[in-house]
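Fold and contact review
Residue-level listing of the chains:
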Amino acid sequence: MPNFLRLATSVAALFATLTTGHAFPQDGQFYQGFTCPAEGFTPGGERTASLSFPTLCLFEQCCDLSNPINIRDMSETFLYDGACTAEGNDFEARLLVGEASIDGMVVVLNNNAYTYARCEP
């Protein structure tokens with residue numbers, strides 16, 4: 001393989017890694033709403049979400065996210081392809097995911113929009 005092609009391949013792989021890595025809010029635990037519960041936060045409840053990129057879990061549903069596409073004029077919002085599982089059933093979905101104006105994230109899945117506040121890093 002010519003040196004030029006090796007260099008181009010390496011640069012393309014680096015950009016793909018950087019784009020995917022920067023295409024999402026930080027990993028953590030989240031609670032649906034604008035603040036975390038005053039009595040404390042318990043992961044895994046009905047109104048919770050967890051993110052360990054590329055896996056996003058919303059209550060009893062988890063999606064492995066891929067193919068981030070940046071939304072024009074919305075620098076921290078992306079469309080993803082999701083390979084999802086819920087209640088033992090596998091399905092494909094498109095998810096819109098981005099940073100919320102609060103310290104958290106916004107998720108649109110199956111025509112429903114959710115705002116989650118960050119509760120634990």
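Quick note: structure is the one above.
Now for a look at the structure at hand. Every value quoted in this text rests on a predicted model; they were computed, and no experiment measured them.

1. Here's the deal with the overall build of the chain
Along the chain, the regular secondary structure elements total one helix and eight strands. Order of helices (α) and strands (β) in the chain, N terminus to C terminus: α-β-β-β-β-β-β-β-β. Here the chain has roughly 7600 Å² of accessible surface; of this, 54% comes from carbon and sulfur atoms.

2. Focus: the side chain of T48
As for its placement among the helices and strands, T48 is situated in strand β2 (residues 48-52). Apart from residues lying up to four places away in sequence, T48 is in contact with F30, Y31, F41, T42, P43, C57, L58, F59 and Y116.

3. Concerning the pattern of salt bridges
Counted according to the given criterion, the structure contains two salt bridges. With a shortest N-O distance of 2.6 Å, R94 and D81 are connected by a salt bridge. Of the two residues, R94 is situated in strand β6 (residues 89-99) and D81 in strand β5 (residues 74-86); the sequence distance between them amounts to 13 residues. Accessibility expressed as a relative area gives 27% for D81, which makes it partly exposed.

4. Notes on the layout of surface pockets
Considering only enclosed or pocket space, the largest pocket measures out at about 230 Å³ in volume. Contributing to the lining of the largest pocket are 15 residues, with L58, F59, E60, Q61 and Y114 lying nearest its centre. Ranked by residue count, the leading element in the lining of the largest pocket is strand β8 (residues 112-120), at three residues.

5. As for unusual backbone geometry
Between F53 and P54 the backbone carries a cis peptide bond, its omega angle lying at 15°. Note that P54 resides in the loop between β2 and β3 (55-58). Despite not being glycine, F59 has its phi angle at roughly 55°, a positive value. Structurally, the position occupied by F59 is in the loop between β3 and β4 (61-71). A positive phi is found at N111, a non-glycine position, where the angle reads about 65°. Take N111: it is sitting in the loop between β7 (104-109) and β8.

What counts as what
- Residues numbered from 1 in each chain as written.
- Predicted model: local features only at pLDDT ≥ 70, side-chain atom pairs only at ≥ 80, totals over all residues.
- Heavy atoms only, no water.
- Helix = DSSP H or I, 4+ residues; strand = E, 2+ residues; numbered from the N terminus.
- Areas by Shrake-Rupley, 256 points an atom, 1.4 Å probe, with all protein chains shown as cover.
- Contact = heavy atoms within 4.5 Å.
- Salt bridge = Lys/Arg side-chain N within 4 Å of Asp/Glu carboxyl O.
- Buried < 20%, exposed > 50% of the residue type's maximum accessible area, 1.4 Å probe, protein only.
- 1 Å grid on protein atoms, 1.4 Å probe; cavity = no way out; pocket = protein on both sides within 12 Å on 5 of 7 lines; lining within 4 Å.
- Points joined across faces, edges and corners; volume = space filled by probe spheres on them.

Read these as geometric descriptors, not functional statements.
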